[in-house]
Amino acid sequence: MYLNDLQFRQQVRMIGALAFIPEKDVILAFNCIKEMPDLHSNLKNVLMYFEENYIGEPMRRKNARSLPRFPIKNWNQFENTVEGLARTNNHVEGWNGRFNAIVNAKKPTLSTIIGKMKAEHHNAEFVVERILANCPPIQYSNQKNIRFCKHIFKLCSEYDGKNILIYLRACTYHISS
């Protein structure tokens, strides 16, 4: 269904786009999705799951919700995006993968690890020297990711809280399947 139905695919991506709405507006935006007149019928179960785990279910008291399993502040990326901060820990995973490749052993000796860490320290000093000399950083990101970051940054920077559904739809064009 996801691959064959454009409307369903876009509405699923709108749920993911909630990560790029300011934390204070996430519940409002989620309710806008739930109340869309053209909401795909197969999306209702997905929305129930998302509400229970990521938004919090409405309680009997007006404007009160249960605590979700994953609070909004833990998964919302709006502020990180606007401030140009990392939204994932991919850079840490990248370093870990690179260091494992440098060590190149399943059970390295302590002296091997120390030697490789010294070499990595020299690499880090080189990077710091480039930054202090105002040299452009060496880019390892792929072009698709760079374009995504630029588009999402622009969208988040222009967010005004009006036309939330249009904003979410705009985000969906930059969220890959």
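Only a predicted model underlies this, so the values are computations on that prediction, with no experimental measurement involved.

Enquirer: Outline the packing of helix H2 (residues 26-34) against helix H9 (residues 164-172), listing residues and values.
Expert: At a closest axis distance of 10 Å, the pairing of H2 and H9 adopts a crossing angle of 85°. In terms of orientation, H2 lies roughly perpendicular with respect to H9. Where H2 approaches H9, its residues Leu28, Ala29, Cys32 and Ile33 are matched on the opposing element by Ile164, Leu165 and Leu168. In the contact of H2 with H9, the residues fall into seven nonpolar, no polar and no charged.

Enquirer: Could you give an account of the nonpolar core, naming the residues involved and the relevant values?
Expert: In this structure, Leu18, Phe20, Ile21, Trp75, Tyr167 and Leu168 are the most contacted members of the largest nonpolar core, which totals 31 residues. Of all the elements in the fold, those that place two or more residues in this core are helix H1 (6-17), H2, helix H3 (44-55), helix H4 (72-75), helix H8 (143-157) and H9. Setting aside chain neighbours within four positions, we find phenylalanine 20 in contact with Gln77, Phe78, Thr81, Arg87, Phe148, Ile152, Cys156, Tyr167 and Cys171.

Enquirer: Break down the packing of aromatic side chains for me, citing the residues and quoting the values.
Expert: In total, this model carries eight aromatic pairs according to the counting rule given. Between phenylalanine 20 and phenylalanine 148, the ring centres sit 6.3 Å apart and the planes meet at 75°, which makes this aromatic pair edge-to-face. Of the two residues, phenylalanine 20 is situated in the loop between H1 and H2 and phenylalanine 148 in helix H8; the sequence distance between them amounts to 128 residues. A single burial state applies to phenylalanine 20 and to phenylalanine 148, both of which are buried.

Enquirer: Give a detailed account of the side chain of asparagine 76, specifying residues and quantitative values.
Expert: Tracing the chain through its elements places asparagine 76 in the loop between H4 and helix H5 (78-82). Residue asparagine 76 is classed as buried on the basis of its relative accessible area of 10%. Among the polar contacts made by the side chain of asparagine 76, one reaches the main-chain carbonyl oxygen of isoleucine 21 at a distance of 2.7 Å. The residues contacting asparagine 76, other than those within four sequence positions of it, are Leu18, Ala19, Ile21, Pro22, Glu23 and Val26.

Enquirer: Lay out the packing of H2 against H3 with the relevant residues and their values.
Expert: Put simply, H2 and H3 touch, their axes get as near as 12 Å, and they point 170° apart. Between H2 and H3, the angle falls in the class roughly antiparallel. On the side of H2, the interface is formed by Val26, Ile27, Phe30, Ile33 and Lys34, while H3 contributes Leu47, Phe50, Glu51 and Ile55. Partitioned by chemical class, the residues of the contact of H2 with H3 number seven nonpolar, no polar and two charged.

Calculation criteria
Residues numbered from 1 in each chain as written. Predicted model: local features only at pLDDT ≥ 70, side-chain atom pairs only at ≥ 80, totals over all residues. Heavy atoms only, no water. Axes fitted to C-alpha atoms, helices over the stretch in contact; angles between N-to-C directions. Helix = DSSP H or I, 4+ residues; strand = E, 2+ residues; numbered from the N terminus. Parallel < 35°, antiparallel > 145°, perpendicular 65-115°, else oblique. Contact = heavy atoms within 4.5 Å. Nonpolar A, V, L, I, M, F, W, Y, C, P; charged D, E, K, R; others polar. Core = buried A, V, L, I, M, F, W, Y, C linked by side-chain atoms within 4.5 Å. Buried < 20%, exposed > 50% of the residue type's maximum accessible area, 1.4 Å probe, protein only. Phe/Tyr/Trp six-rings, centres within 6.5 Å; stacked < 30°, edge-to-face > 60°. Polar contact = N/O pair within 3.5 Å; in protein donor to acceptor, adjacent residues only side chain to side chain.

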